[in-house]
Amino acid sequence: MSLLFHSTNGQSPPVNLRDALLTGQAPDRGLYLPREFPRLTPAEIAGFAGLPYHDIAFEVLRRYAEGVVDEPSLAELCRDAYNFDVPLESVRGLERAAVMRLDQGPTCSFKDFAARMMARLLGRFVRETGRRLAILTATSGDTGSAVASAFHGVESIRVIVLFPISEVSDRQRKQMTTLRGNIRTIAVDGKFDDCQALVKRAFADPALKSIPLSSANSINVGRLLPQSVYYFYAASRLARPGEPTVFAVPSGNFGDMMGAVFAGRMGLRIKRLVVPVNGNDEFPRFLATGAYAKIEPSRACLSNAMNVGHPSNLARLVAVYGGQMDETGAIHRAPDLAALRRDLFSTSVSDDQTRVTIRQAWTGHQLLLEPHGAVGWRGFLDYVGTEPLNGAPAVVLETAHPAKFPEEIEAALGFAPAVPPALAALDQLAEDYDRLPVDYAAFRDYLLAGLGRG
Ligand SMILES: *Cc1c(COP(=O)(O)O)cnc(C)c1O
């Protein structure tokens, strides 16, 4: 018997993991959520203390994959996907607090965790069903490189990444444009919002019906499930059995923090989920007032991967708390606001505060943070100011490697971070990408010609 996923809009039939991943968004434009969360017993969770990361991933994910992926294959996929370190760095001067560095994967961002598992699962599902698949994704930097790297060389899957020509750093661009093979990258003469609009239109275009398109952004539940694993992992290393942990998650589209919500529903004890955002403060306002207003266009902040004025995963959070929000952000049934306020703490961190925090974390705790991690750290400190930890274990997520943001680090600290080999190697590689204007007809012709070639 397989676990079923239902749509947050409630108008599509429930599906298993395979169909949820292959479809991405539900036909009623809602997002897939497990109908019921699988529960782990306290003894099972306590047992994680002795397991390596990839075994914890297997133990968590097998509850969702039952009847769809056999256990030996899933265990192998986990071993293969999670072949890098997940350091928990203790913080000088703060007992039982740690920074979890999710930046040791091939593209040095936490998005590797989800993209690598999703690529392996989708590759398998495409093979089993004898299909071909084209994955379209718009990126402001980190998603495109993690997805491109994860899907590189996966048979029968083509990936097309659109990025705004002047809004990504050289290193981010090279992470996508040096792969070739089944990965095509398009530099769009426009902004990230233009790239996203082109991709959205392609998904809705009847003229492209013959091409099986899927999305690799965090509307796909395949991106969320792997992101619940590292919360179990961190607690297994820091907390005593059954002891609640504080997690602080710098957030944009809320895929990462939903991983923690999933983990909590599966049985992980969470004392408080701290959700710091940058200047795009629609969520802390919602939590404070109960009224939701998205920010359009989103505000350009230092932590650019979190420049989101309407988090697409908010509909999932609202659904888990008993409400209903549609894809436009309209709330049709209010969530349990009191429960949300009990479980979550959210705060907005300005660019000035982000810069100051990079400095203070370094001078005060010898902690090297890039802008996203600094937003997380600052939000954590704001939380501790309202509710003392009283000895509880706490984990702050660092979502990217500092070497991806050398200018910001240099400006704040006066030195540039050491570059890991995965990023340094890029400088030697030749780039290859196409260029398009912001013109939907041109993009459609590109897709029809390119994907027609097989
Ligand atoms: C994508 C990203 C985030 C935001 O994650 P969400 O799941 O969208 O909330 C934070 N930090 C970095 C470095 C990212 O790339």
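Residues numbered from 1 in each chain as written. Predicted model: local features only at pLDDT ≥ 70, side-chain atom pairs only at ≥ 80, totals over all residues. Heavy atoms only, no water.

Engineer: Provide a residue-level description of the overall build of the chain, including the pertinent values.
Structural biologist: A tally of helices and strands in the chain yields 19 helices and 15 strands. For 454 residues, the compact-globule formula gives about 22 Å, and the C-alpha radius of gyration of the chain, at 21 Å, lands near that figure. Along the three orthogonal principal directions, the C-alpha set of the chain runs to about 60 × 55 × 45 Å. Expressed as a percentage of the 454 residues in the chain, the buried residues total 59%. For the chain, the share of sequence-separated contacts (at least 6 apart) that also reach a separation of at least 24 residues comes to 74%. Of the roughly 17,700 Å² of accessible surface on the chain, 50% is carried by carbon and sulfur atoms. (Helix = DSSP H or I, 4+ residues; strand = E, 2+ residues; numbered from the N terminus. Rg over C-alpha atoms; globule rule 2.2 N^0.38 Å. Buried < 20%, exposed > 50% of the residue type's maximum accessible area, 1.4 Å probe, protein only. Contact = heavy atoms within 4.5 Å. Areas by Shrake-Rupley, 256 points an atom, 1.4 Å probe, with all protein chains shown as cover.)

Engineer: Give a description of the nonpolar core that names residues and reports values.
Structural biologist: Nonpolar side chains tend to gather and get buried jointly when the protein is soluble and globular. Core analysis: the biggest nonpolar cluster contains 104 residues, and Phe5, Phe151, Phe232, Met257, Leu317 and Leu344 have the highest contact counts within it. With nine residues, helix H5 (residues 111–129) is the largest single contributor of residues to this core. Once you skip the residues sitting within four places of it in the chain, leucine 317 turns out to touch Met257, Met258, Val261, Phe283, Leu340 and Leu344. One finds Val91, Ala394, Val396 and Leu413 within the second-largest nonpolar core, a separate group that totals 22 residues. (Core = buried A, V, L, I, M, F, W, Y, C linked by side-chain atoms within 4.5 Å.)

Engineer: Explain the packing of helix H3 (residues 53–65) against helix H10 (residues 229–238) to me, using residue names and the numbers behind them.
Structural biologist: The axes of two packed helices give the description: the angle between them and the distance between them. Packing of H3 against H10 brings their axes to within 9 Å, and their N-to-C directions diverge by 125°. One finds that H3 runs oblique with respect to H10. Between H3 and H10 lies a crossing of right-handed hand. Packed against H3, whose contacting residues are Tyr53, Ile56, Ala57, Val60 and Leu61, the element H10 presents Val229, Tyr230, Phe232, Tyr233, Ser236 and Arg237 at the interface. Considering only residue class, the contact of H3 with H10 consists of nine nonpolar, one polar and one charged. (Axes fitted to C-alpha atoms, helices over the stretch in contact; angles between N-to-C directions. Parallel < 35°, antiparallel > 145°, perpendicular 65-115°, else oblique. Left-handed = near helix turned anticlockwise from the far one by under 90°. Nonpolar A, V, L, I, M, F, W, Y, C, P; charged D, E, K, R; others polar.)

Engineer: Please provide a residue-by-residue account of the sheet that holds strand E7 (residues 183–188), values included.
Structural biologist: The strand order E8-E5-E6-E7-E15 describes an open sheet built from five strands, whose pairing is parallel. The open sheet has two edge strands, strand E8 (213–215) and strand E15 (434–436), and neither has a second partner. Each strand axis lies, on average, 30° off the axis of its neighbour in the sheet, ignoring direction. Bridge count for strand E5 (residues 133–138) against E8 is three bridges, and the pairing is parallel. When the sheet's bridge partners are listed, isoleucine 135 is paired in E8 with serine 214. Sheet strands touched by helix H7 (residues 170–177): strand E6 (157–164) and E7. Its angle to E6, the strand with the most contacts, is close to 160°. (Pairing = 2+ DSSP bridges.)

Engineer: Which residues make up the packing of aromatic side chains, and what are the values?
Structural biologist: Across all of its chains, the model carries 20 aromatic pairs by this definition. Note on phenylalanine 286 and tyrosine 292: the rings are 5.8 Å apart at their centroids and 85° apart in plane angle, and the pair reads as edge-to-face. The pair formed by phenylalanine 286 and tyrosine 292 is uniform in burial state, with each residue classed as buried. Arranged with centres 5.5 Å apart and planes meeting at 40°, the rings of tryptophan 377 and phenylalanine 380 form a pair that is tilted. Remark: phenylalanine 380 and tryptophan 377 occur in helix H16 (residues 371–386); sequence separation between them is three residues, near one turn of the helix. The exposure class assigned to tryptophan 377 is buried, which follows from its relative accessible area of 2%. Site record: aromatic cluster; members linked through ring pairs are Tyr53, Tyr82, Phe84, Phe113, Tyr230, Tyr231, Tyr233 and Phe247. The ring of tyrosine 321 carries the charged tip of arginine 265 above its face, separated from the ring centre by 5.0 Å. (Phe/Tyr/Trp six-rings, centres within 6.5 Å; stacked < 30°, edge-to-face > 60°. Lys NZ or Arg CZ within 6 Å of the ring centre and 35° of its normal.)

Engineer: Now, about the sheet that holds strand E3 (residues 88–91): what can you tell me, with residues and values included?
Structural biologist: Reading across from one edge, E3-E4-E14-E9-E10-E13 is the order of the six strands in this open sheet, with mixed pairing throughout. Every interior strand has two partners, whereas the edge strands, E3 and strand E13 (344–348), have only one. Direction aside, the axes of adjacent strands within the sheet are offset by 20° on average. Where E3 meets strand E4 (residues 94–101), four bridges bridge the pair, whose relative direction is antiparallel. Directly across from valine 91, in E4, lies its bridge partner leucine 94. Contacts from helix H11 (residues 255–266) reach strand E10 (270–277), E13 and strand E14 (394–398) within the one sheet, and its direction differs from that of E10 by about 170°.

Just distances and angles here, no functional claims.
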